[in-house]
Amino acid sequence: MRDDNTERAADHPGPLDLPDGHGADAAPTDANQQPFSLVDDVFALIEDGKTFAEAEVRFQKSRAGFVGNRIKGAIAFGLGAFGVFHLALIAATVGLVIALAPIVGPWGATAIVTLALIAAGIALLWLLKGRLDDIRDAFDDGESE
């Protein structure tokens, strides 16, 4: 009986939010007969375990699908941001060459900006090599030839 259907509320001796057959006497009529055995409990536990495992697999599949969808969007936004930052750096490089041109001439400005970018690239490669060496050392088993 539902809570909002109270027309037969007087017929129910207990709470209204329980199923109709809840208060029924489930005790056995014979004193030696038990309502459930250990074997029944084990089978019920196995069934519950199977149900839980199936539900967990479905949950993990749906979560993997959600994450996969989000990763696609994250990669798209990351590539877009990388493209925009790349264009901004190109604009800054061109602007720096144009700004230095009246001071040292166009060829001197180009040389200064090019050498500065090469030096920055070499510094970044040096830092990258250090990180890669750390990763290589983490997977090294300690046996060197």
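The name an unreviewed UniProt entry assigns to the protein chain is Phage holin family protein, from the organism Qipengyuania citrea LAMA 915.

**Regarding the overall build of the protein chain**
From N to C terminus, the protein chain includes 2 helices and 0 strands. Here the protein chain holds 145 residues, and 3% of them are scored as buried.

**A short note on the UniProt feature "transmembrane region" (unreviewed entry) in the protein chain**
Under the present numbering, the feature "transmembrane region" (unreviewed entry) in UniProt falls on residues 73-101 and 107-128. Helix makes up 100% of residues 73-101 and strand 0%, and the two end C-alpha atoms of the span are 42 Å apart. In this annotation, residues 107-128 is assigned 100% helix and 0% strand; the end-to-end C-alpha distance for the span is 31 Å.

**Digging into the packing of helix H1 (residues 38-104) against helix H2 (residues 106-139)**
Two numbers describe how H1 lies on H2: the axes approach to 7 Å, and their chain directions differ by 135 degrees. Taken together, the axes of H1 and H2 lie oblique to each other. Both H1 and H2 take part in a crossing whose hand is right-handed. Contacts between H1 and H2 involve Thr93, Leu96, Val97, Leu100, Ala101 and Val104 on the former and, on the latter, Pro106, Gly108, Ala109, Thr110, Ile112, Val113 and Leu117.

**With respect to a nonpolar patch on the surface**
On the surface, Leu38, Val39, Val42, Phe43 and Ile46 cluster together to form a nonpolar patch covering roughly 490 Å² of accessible area. Residue position: leucine 38 is located in helix H1. Leucine 38 gets classed as exposed once you look at its relative accessible area, which sits at 66%.

**Digging into the pattern of salt bridges**
Two side chains that carry opposite charge are able to pair once their charged atoms sit near each other. Counted by the stated rule, this structure contains 2 salt bridges. Between aspartate 133 and lysine 129 there is a salt bridge, with its nearest N and O atoms 2.8 Å apart. Here aspartate 133 pairs with lysine 129, and both are found in helix H2, just 4 residues apart, close to one helical turn. Its relative accessible area of 23% is what places aspartate 133 among the partly exposed residues. The partner of arginine 136 in a salt bridge is aspartate 133, and the shortest N-O contact between them spans 2.7 Å. Residue arginine 136 and its partner aspartate 133 are both found in helix H2; the two are separated by 3 residues, about one turn of the helix. Via salt bridges that share partners, Lys129, Asp133 and Arg136 belong to a single interconnected network.

**Section: a negative patch on the surface**
Taken together, Asp134, Asp137, Asp140 and Asp141 make up a surface patch of like negative charges. By the secondary structure assignment, aspartate 134 is in helix H2. The class of aspartate 134 is exposed, set by a relative accessible area of 52%.

**Topic: H1**
In this model, H1 (67 residues) spans 93 Å end to end at C-alpha, consistent with the 99 Å of a helix rising 1.5 Å per residue. Positive phi shows up at glycine 105, right after H1, with a value of about 90 degrees.

Rules and cut-offs
Residues numbered from 1 in each chain as written. Predicted model: local features only at pLDDT ≥ 70, side-chain atom pairs only at ≥ 80, totals over all residues. Heavy atoms only, no water. Helix = DSSP H or I, 4+ residues; strand = E, 2+ residues; numbered from the N terminus. Buried < 20%, exposed > 50% of the residue type's maximum accessible area, 1.4 Å probe, protein only. UniProt positions renumbered as here; feature names shortened; annotations may be inferred. Axes fitted to C-alpha atoms, helices over the stretch in contact; angles between N-to-C directions. Parallel < 35°, antiparallel > 145°, perpendicular 65-115°, else oblique. Left-handed = near helix turned anticlockwise from the far one by under 90°. Contact = heavy atoms within 4.5 Å. Patch = residues over 30% accessible without salt bridge, like charges linked within 9 Å, V, L, I, M, F, W, Y side chains within 5 Å. Areas by Shrake-Rupley, 256 points an atom, 1.4 Å probe, with all protein chains shown as cover. Salt bridge = Lys/Arg side-chain N within 4 Å of Asp/Glu carboxyl O. Lys, Arg positive; Asp, Glu negative; His and termini not counted. Charge placed at Lys NZ, Arg CZ, Asp CG, Glu CD. Expected span 1.5 Å × (residues − 1).

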